[in-house]
Amino acid sequence: MFVISTLAAIVASQSLISATFSVIKQSVVLDYFPRVKVVHTSPSKEGEVYSPEVNYILMVLCVAVILIFGDGKDIGNAFGVVVSLVMLITTILLTLVMIIIWRTSPVLVALYFSVFFVMEGVYVSAVFTKIAEGGWIPFAISFILAFIMFGWYYGRQRKIEYELTHKITIDRLRLLLSDPSVQRVPGFCFFYTNIQDGLTPILGHYIKNMKSLHQVTMFTTLRYLLVPKVAPHERIVVNKLGLKGVYGCVIQYGYADPLNLEGEDFVSLVTNSLLAHIQDSSGCLPSSDPAFQQEICNLEEARSAGIVHIRGKTRFHVGKSCGWFDKIMLAFYEVLHSNCRSALPALGVPLPQRIEVGMLYEA
């Protein structure tokens, strides 16, 4: 009996661990959960993942439950409540799938739902008496996770709404650069932004306060794709933004693509793609065209002057005019945001080349 129980515990624990990794990973991709480290253990199967942070949290929770309750009866009650509710919820969700996706006959749907829902409903009603005797544990954990997910999602939505409302358009950037007090300083700048249609508000904040922009500025967006690997010719997409020395760059990567490039290798890849784009956009003009040669010369000069990587670091400014709900949820979001991983993958950028520009978003 001891051997069977041990083997059953091993199987159940592996199921719990794998399911937790998968659910957390999907939640992070959908931006419903704070960013954690996710390691893809298979180069071909997207669902095989491992998260060290989640693994340690599971270990701490398991030890805490054993130490707090000790008695196997309470833990067994919690397990029984969970299993019964999972079966009932699965029946309801499968019924929706049969109706909406599979377009199953209403008679078969009604037959399936009536049989399984009644049977599993009886099981659930029977275990409700065990909630006070340890069955409340899964409800407490679910409430905590739901609160974390809602707080993160609420903060992210408020941030996205602010950035879309205050984004910098190309016309607005042209107006900012037309100010005589704004200087174009030597250097090659990678300015990271997560906005596809427009530029991050941090850019306007940076130009207004620093009164400068680098000679060559590459607004860089990293896009995660649900594929193992992105083809080399599709990895880096570069385009002109209609202003002198200002370009856009989208770096696409899959879950099996290594992004731990050295700083110089990353710069070389982007620079080569930019040179190829400039040459292609010159059309039928020969390579000896003065405008083409001048643009290439400016690019080389900027790179030799130095490379800098600028990313924004934003926080919400919760004023007195905000309601109590915003104050609580945004403060909770700031705690989560300050303790989660960066949205930018590690690109091997040397520390002397990194600059973080802080900005307060008005809630």
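Above this text sits the structure in question.
Residues numbered from 1 in each chain as written. Predicted model: local features only at pLDDT ≥ 70, side-chain atom pairs only at ≥ 80, totals over all residues. Heavy atoms only, no water.

Colleague: Give a detailed account of the packing of helix H1 (residues 2-29) against helix H2 (residues 52-69), specifying residues and quantitative values.
Modeller: The geometry of H1 relative to H2 is characterised by a closest axis approach of 10 Å and an angle of 135 degrees between their N-to-C directions. With respect to each other, H1 and H2 are oriented oblique. Crossing hand, H1 versus H2: right-handed. For the pair formed by H1 and H2, the contact residues are Ile-17, Thr-20, Phe-21 and Ile-24 on the first element and Val-54, Asn-55 and Leu-58 on the second. Residue composition of the contact of H1 with H2, grouped by class: 5 nonpolar, 2 polar and no charged. (Axes fitted to C-alpha atoms, helices over the stretch in contact; angles between N-to-C directions. Helix = DSSP H or I, 4+ residues; strand = E, 2+ residues; numbered from the N terminus. Parallel < 35°, antiparallel > 145°, perpendicular 65-115°, else oblique. Left-handed = near helix turned anticlockwise from the far one by under 90°. Contact = heavy atoms within 4.5 Å. Nonpolar A, V, L, I, M, F, W, Y, C, P; charged D, E, K, R; others polar.)

Colleague: Residue-level account of the nonpolar core, with values.
Modeller: If you look at the biggest cluster of nonpolar residues, it comprises 40 residues, and the most contacted ones within it are Leu-173, Leu-177, Phe-191, Leu-203, Ile-207, Phe-219 and Ile-310. If near-sequence neighbours (up to four positions away) are discounted, Phe-219 is found in contact with Leu-173, Phe-191, Thr-193, Leu-199, Leu-203, Leu-241, Val-246, Tyr-247, Gly-248 and Cys-249. (Core = buried A, V, L, I, M, F, W, Y, C linked by side-chain atoms within 4.5 Å. Buried < 20%, exposed > 50% of the residue type's maximum accessible area, 1.4 Å probe, protein only.)

Colleague: So what's going on with the state of the cysteines? Which residues, and what values?
Modeller: Considering all chains together, one arrives at 0 disulfides under this definition. The thiol of Cys-297 is not disulfide-bonded; the next cysteine sulfur, from Cys-189, is found 20 Å away. On the accessibility criterion, Cys-297 (35% relative accessible area) is partly exposed. (Disulfide = S-S within 2.5 Å.)

Colleague: Break down a nonpolar patch on the surface for me, citing the residues and quoting the values.
Modeller: Together, Ile-89, Ile-92, Leu-93, Leu-96, Ile-99, Ile-100, Ile-101, Trp-102, Phe-117, Val-118 and Val-122 give the surface a local cluster of nonpolar side chains, amounting to about 1,100 Å² of exposed area. It is helix H3 (residues 72-100) that provides the largest number of residues to the nonpolar patch, a total of 6 residues. For Leu-96, the position within the fold is in helix H3. By relative accessible area, which is 42% here, Leu-96 ends up partly exposed. (Patch = residues over 30% accessible without salt bridge, like charges linked within 9 Å, V, L, I, M, F, W, Y side chains within 5 Å. Areas by Shrake-Rupley, 256 points an atom, 1.4 Å probe, with all protein chains shown as cover. Salt bridge = Lys/Arg side-chain N within 4 Å of Asp/Glu carboxyl O.)

Colleague: Account for the packing of helix H5 (residues 136-165) against helix H11 (residues 324-339), naming residues and giving values.
Modeller: Contact geometry for H5 and H11: axes closest at 8 Å, N-to-C directions at 100 degrees. By the criterion of interaxial angle, the relationship of H5 to H11 is roughly perpendicular. Residues Phe-147, Ile-148, Phe-150, Gly-151, Trp-152, Tyr-154, Gly-155, Arg-156, Arg-158 and Lys-159 of H5 pack against Phe-325, Asp-326, Met-329, Leu-330, Phe-332, Tyr-333, Leu-336 and His-337 of H11. Class assignment of the residues belonging to the contact of H5 with H11 gives a composition of 11 nonpolar, 3 polar and 4 charged.

Colleague: So what's going on with unusual backbone geometry? Residues and values would help.
Modeller: Of note in this structure, Asp-31 is not a glycine but carries a positive phi near 65 degrees. In this structure, Asp-31 sits in the loop between H1 and strand E1 (39-40). Within the chain, Lys-211 stands out as a residue other than glycine whose phi angle is a positive 55 degrees. As for its position among the elements, Lys-211 is in the loop between helix H7 (201-210) and strand E4 (212-224).

Colleague: Describe in detail empty space enclosed by the protein, supporting the description with residues and values.
Modeller: Within the structure shown, the criterion is met by 2 cavities of 30 Å³ or more. In this structure, the second largest cavity spans a volume of roughly 40 Å³. Together, Lys-159, Thr-314, Arg-315, Phe-316, Tyr-333, Glu-334, His-337 and Tyr-361 line the second largest cavity. Residue assignment for the lining of the second largest cavity shows that the elements contributing at least two residues are strand E7 (307-317) and H11. Partitioned by chemical class, the residues of the lining of the second largest cavity number 3 nonpolar, 2 polar and 3 charged. (1 Å grid on protein atoms, 1.4 Å probe; cavity = no way out; pocket = protein on both sides within 12 Å on 5 of 7 lines; lining within 4 Å. Points joined across faces, edges and corners; volume = space filled by probe spheres on them.)

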